[in-house]
Amino acid sequence: MSLKIRKRLNNFRYLFTGGSNSGKMADGHPVLDALLKRRSCRRFTDEPISDEALSAILEAGRFAPSSVNLQTWAFITFTHEEWQETFGTKIPFNANRAIAVCSYVHRIGRILTEFVTDTLLSHTMAVFNAGLAAMAMTMAAEGLGLSSVMLSDTGKSGLLDIPFLKEKMHLLEGVIPIATIALGYRKTASTGIPPRFQKRDVVFRQKYGPLYREDLDDWYQQMKMGYKLTNLTSTFENKLRYYLSRFNDAEAALQKAVFKKTDHSEINNRGENGNRKK
């Protein structure tokens, strides 16, 4: 057997056997176990999610850590009926509930008027904080026996569709939709594991380490194989080309949203529903 064929077989086998190297540390630790076993779900049942469960998930997001405790996020929730009413389609993958996760640094301008919010630094901080809240909510869902998938493009649900989402969700200036968490009960058991870089590629001690090109090649081969197994009519390369075709317009919309100078006195004169106070 040639080296090339053996490499392909190893990469294929990794898709189904490449688990975590946490060893016994995860044994008996439900939080760590949930973190390592969480998988995105793209097939949900019709079982409804209770209001109590959704409220608990949102509380996990609200109590997530954030830089200087600025809490630069906003969450917009949808039932499947509300999503249909707003967007004219079902929530992707037959999910029962959805949470649009947005960054919102301008809220601070309501009380800290000197706080500079139209900067790349402020935007990066806000997105980082919103990401922490999103992860907290996905893990809360796991703890409640639910599954989730983070949407950035499917169903026009994130950064690639800012103007569309701004109109549909009546977003204030400075509120930037980052992604949508689709929630529900998993219909089929998860199989395999999305390819992960090797530990040596991402974990270093004291200083940044070397680049292992063979690990990148392995990851790319595993991504192509895994994508083909779950998308028989397309390829990973086609998916990448699709994303790249949308990046220019999305970048222009994001820069406009981030760097547009915001009149904080105008924000202060608007109610939480976006209407001018009387």
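Parameters at a glance
- The numbers attached to residues start from 1 for each chain and follow its sequence in the written order.
- Residues qualify for local features only when their pLDDT is at least 70, as the model is predicted, and side-chain atom pairs are given and counted only at 80 or more; totals for whole chains, interfaces and linings, by contrast, use all residues.
- With hydrogens and water excluded, all non-hydrogen atoms of the structure serve as input to the side-chain values.
- Patches in this entry comprise residues that are over 30% relatively accessible and not in a salt bridge; like charges within 9 Å are linked, as are nonpolar side chains (Val, Leu, Ile, Met, Phe, Trp, Tyr) within 5 Å.
- We get accessible surface area from the Shrake-Rupley algorithm with a probe of 1.4 Å; when it comes to residues, only the shown protein chains can shield them.
- Salt bridges are defined as contacts in which a side-chain nitrogen from Lys or Arg sits within 4 Å of a carboxyl oxygen from Asp or Glu.
- The secondary structure listing takes helices from DSSP runs of H or I that are at least 4 residues long and strands from runs of E that are at least 2 residues long, numbered from the N terminus.
- Between buried and exposed lies partly exposed: a residue is buried under 20% and exposed over 50% of the maximum accessible area for its type, with that area taken using a 1.4 Å probe on protein chains only.
- Note: two strands are recorded as paired if DSSP finds a minimum of 2 bridges between them.
- Note on definitions: angles span 0 to 180 degrees between N-to-C directions of axes, and those axes are lines fitted to C-alpha atoms, for helices only across the stretch in contact.
- These descriptions rest on fixed angle ranges, namely under 35 degrees for roughly parallel, over 145 for roughly antiparallel, 65 to 115 for roughly perpendicular, and the rest for oblique.
- Contacts are residue-level and defined by heavy atoms, with any inter-residue pair within 4.5 Å sufficient.
- Think of it as three bins: nonpolar holds Ala, Val, Leu, Ile, Met, Phe, Trp, Tyr, Cys and Pro, charged holds Asp, Glu, Lys and Arg, and polar takes everything else, Gly as well.
- Only Phe, Tyr and Trp rings are paired, with Trp represented by its six-membered ring, and only when their centres lie within 6.5 Å; those with planes under 30 degrees apart are stacked, over 60 edge-to-face, the remainder tilted.
- Scored from 0 to 100, pLDDT reflects the predictor's confidence in each residue.
- The length a helix should cover is 1.5 Å for every residue beyond the first.
- To obtain the arc, one takes the directions from the helix axis to the C-beta atoms.
- Distance and chemistry together define a polar contact, namely a pair of N or O atoms within 3.5 Å, with one atom able to donate a hydrogen and the other to accept it when in protein, and with adjacent residues in sequence counting only for side-chain atoms on both sides.

**Student:** Hey, could you run me through a nonpolar patch on the surface in this one?
**Tutor:** Judged by side-chain polarity, V31, L32, L35, L36 and M135 come together as a nonpolar surface patch covering roughly 390 Å² of accessible area. Among the elements that line the nonpolar patch, the one with the most residues is helix α2 (residues 30-37), at four residues. Looking at M135, the relative accessible area reads 38%, which means it is partly exposed.

**Student:** Explain the pairing of strand β3 (residues 147-151) to me, please; I cannot follow it from the model alone.
**Tutor:** Within a regular strand, side chains alternate between the sheet's two faces. Burial runs high along β3: four of the five residues are buried. Bridge count between β3 and strand β4 (residues 175-184): five bridges; the pairing is antiparallel. Pairing of S147 across the sheet is with G184, part of β4.

**Student:** Sorry, what's going on with the packing of helix α8 (residues 213-230) against helix α9 (residues 236-259) here?
**Tutor:** A pair of packed helices is characterised by two quantities: the angle between their axes and the separation of those axes. Packing of α8 against α9 leaves a shortest axis separation of 8 Å and a crossing angle of 100°. One finds that α8 runs roughly perpendicular with respect to α9. Only F236, E237 and K239 of α9 make contact with α8, whose side of the interface consists of W219, Y220, M223, K224 and Y227. Taken together, the residues of the contact of α8 with α9 sort by class into five nonpolar, no polar and three charged.

**Student:** I keep staring at the pattern of salt bridges and nothing clicks. Help me out?
**Tutor:** Here the idea is simple: oppositely charged side chains can pair when their charged atoms come close. Per the stated rule, a full pass over the model turns up 10 salt bridges. The closest approach of N and O atoms between E59 and R62, which form a salt bridge, is 2.7 Å. One end of the pair, E59, and the other, R62, are both in helix α3 (residues 51-62), three residues apart, so they sit about a helical turn from each other. Residue R62 is classed as partly exposed on the basis of its relative accessible area of 44%. Two residues, D217 and R213, come together in a salt bridge whose shortest N-O distance is 2.9 Å. Linking D217 with R213, this pair stays in helix α8, spanning four residues, or about one helical turn. Taken together, the shared-partner salt bridges in this structure form one network comprising D153, D161 and R246.

**Student:** Help me understand the packing of aromatic side chains in this model?
**Tutor:** Any two aromatic rings considered together are summarised by their centre-to-centre distance and by the angle between their planes. Per the stated rule, a full pass over the model turns up 11 aromatic pairs. Ring centres of W83 and F87 lie 4.4 Å apart, and the angle between their planes is 50°; this geometry places the pair in the tilted category. Separated by four residues within a single helix, W83 and F87 lie in helix α4 (residues 80-87), roughly one turn from each other. A relative accessible area of 12% means that F87 is categorised as buried.

**Student:** Help me understand the confidence of the model for the chain, please; the structure alone is not making it clear to me.
**Tutor:** Caution applies to low-pLDDT regions: their predicted coordinates should not be interpreted in detail. On average, residues of the chain carry a pLDDT of 86, and 83% of them reach 70 or more. For the chain, the element scoring lowest by mean pLDDT is helix α10 (residues 264-268), at 47; α3 scores highest, at 98. Counting contacts from residues 264-268, a segment whose pLDDT is below 50, to residues more than four positions away or on other chains yields 14 contacts.

**Student:** Is there a simple way to explain the sheet that holds strand β2 (residues 97-104) in this structure?
**Tutor:** Whether parallel or antiparallel, the strands of a sheet pair through hydrogen bonds between backbone atoms. Taken in spatial order, the four strands line up as β1-β2-β4-β3 in an open sheet, and their pairing is antiparallel. Each end of this open sheet is capped by a strand with a single partner; those strands are β1 (73-79) and β3. Between one strand and the next, the sheet's axes are offset by a mean angle of 25°, whatever the strand orientation. When β2 meets β4, the two strands line up antiparallel, connected through eight bridges. Residue pairing in the sheet places C102 in a bridge with P177 of β4. Against the sheet, α3 contacts β1, β2 and β4, and its axis sits at roughly 165° relative to β1.

**Student:** What is the right way to read α3 from this model?
**Tutor:** Structural remark: α-helix, 3.6 residues per turn; residues separated by three or four positions point the same way. In this model α3 runs 16 Å from its N-terminal to its C-terminal C-alpha over 12 residues, within 8% of the 16 Å that 1.5 Å per residue would give. If you check which residues of α3 are buried, you get A53, L54, I57 and G61. The buried residues of α3 occupy one face: seen down the axis, they fall within an arc of 100°. More than 90 degrees from the buried face of α3, the exposed residues found are D51 and E52. Where α3 is buried, its residues meet β1, β2, α5 (120-143) and β4.

**Student:** Would you mind going over the environment of E173 with me for this structure?
**Tutor:** For E173, the position within the fold is in the loop between α6 (162-168) and β4. Sequence separation between E173 and Y104 is 69 residues; the distance between their C-alpha atoms is 9.0 Å. In this structure the side chain of E173 is engaged in a polar contact, spanning 2.7 Å, whose partner is the side chain of K166.

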